[in-house]
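Residue-level listing of the chains:
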Amino acid sequence: MRNHEPRASSSCAACKLLKRRCTPSCIFAPYFRSDEPKKFAKVHKVFGASNVSKILNEVPEEQRDETVNSLAYEAEARLRDPVYGCIGAIALLQRRMVELQVDLAIARARLARYSASSPPILNDHGSMIPTLAELPACGHVPNQEFRFV
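In what follows, the accompanying structure is described.

Each value, and the rule that gives it
Residues numbered from 1 in each chain as written. Predicted model: local features only at pLDDT ≥ 70, side-chain atom pairs only at ≥ 80, totals over all residues. Heavy atoms only, no water. Axes fitted to C-alpha atoms, helices over the stretch in contact; angles between N-to-C directions. Helix = DSSP H or I, 4+ residues; strand = E, 2+ residues; numbered from the N terminus. Parallel < 35°, antiparallel > 145°, perpendicular 65-115°, else oblique. Contact = heavy atoms within 4.5 Å. Nonpolar A, V, L, I, M, F, W, Y, C, P; charged D, E, K, R; others polar. Buried < 20%, exposed > 50% of the residue type's maximum accessible area, 1.4 Å probe, protein only. Lys, Arg positive; Asp, Glu negative; His and termini not counted. Salt bridge = Lys/Arg side-chain N within 4 Å of Asp/Glu carboxyl O. Polar contact = N/O pair within 3.5 Å; in protein donor to acceptor, adjacent residues only side chain to side chain. Core = buried A, V, L, I, M, F, W, Y, C linked by side-chain atoms within 4.5 Å. Expected span 1.5 Å × (residues − 1).

For the rest of this paragraph, the subject is the packing of helix α2 (residues 37–47) against helix α3 (residues 49–58). Two measures define how a pair of helices packs: the angle their axes make with one another and the distance between the axes. Orientation of α2 relative to α3, taken along the N-to-C sense of each, is 100°, at an axis distance of 7 Å. The angle between the axes of α2 and α3 places the two elements in the roughly perpendicular class. Contacts between α2 and α3 involve F40, V43, H44 and F47 on the former and, on the latter, A49, N51 and V52. The residue makeup of the contact of α2 with α3, split by class, is 5 nonpolar, 2 polar and no charged.

The next thing to look at is the side chain of R64. As for its placement among the helices and strands, R64 is situated in helix α4 (residues 64–80). Buried within the structure, R64 lacks any salt-bridge partner; its nearest side chain of opposite charge belongs to E61, at an N-O separation of 4.7 Å. Excluding residues that lie within four positions of it along the chain, R64 makes contacts with I27, Y31, L56, N57 and V59.

Right, let's get into the pattern of salt bridges. Between side chains of opposite charge, pairing is possible as soon as their charged atoms come close. Under the criterion given, the structure shown has 7 salt bridges. Two residues, E36 and R33, come together in a salt bridge whose shortest N-O distance is 3.8 Å. Relative accessible area serves as the criterion here: at 22%, E36 is assigned to the partly exposed category.

Glancing now at the side chain of K39. Here K39 shows up in helix α2. Polar contacts involving the side chain of K39 include one to the main-chain carbonyl oxygen of Y31, which spans 3.4 Å.

To continue, consider the nonpolar core. Membership of the largest hydrophobic core comes to 20 residues, with the highest contact counts inside it found for C12, F28 and F32. Mapped by element, the contributors of at least two residues to this core are α1 (13–18), α2, α3 and α4. With 4 residues, α4 is the single largest residue contributor to this core. Leaving out residues up to four positions away in the same chain, F32 has contacts with C12, A13, A14, K39, F40, V43, V52 and V68.

Moving on: α4. Taking 1.5 Å of rise per residue, 17 residues should cover 24 Å, and α4 covers 24 Å from first to last C-alpha, within 8% of that figure. Listed in full, the buried residues belonging to α4 are R64, D65, T67, V68, L71, A72, E74, A75 and A77. Elements that come into contact with the buried residues of α4 comprise α2, α3 and α5 (86–117).

Set out below in structure tokens:
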């Protein structure tokens, strides 16, 4: 949990942006420090100050740090991709992972073909380098599909 030190006389980032006086009981102050003005600006632009205030009031205090981090992450993603937000980034990474798995399978097949058609290869110590079949698997699950539920 974040260290909630007593603030100096400066307003939090939320109160500065909203141009209001920051009170000691300000719900935003512990989570939107005055030295992070862009963090609140992005969250405010996507969710609105009133909604963020309602969310923070409904969440138990020990979970508010994580809640604010989630809101900030989603706001950043929404500003980059207004339609899909975080889901767009996840889908892109999953597509890339599938592409890399296909590339790995192709490389393994080529290596197996090469290993089968060439004489054994010796290392610097004169012992044989293990074949592909002798190498441990990397934990890849074949034909695994990734879908959103």
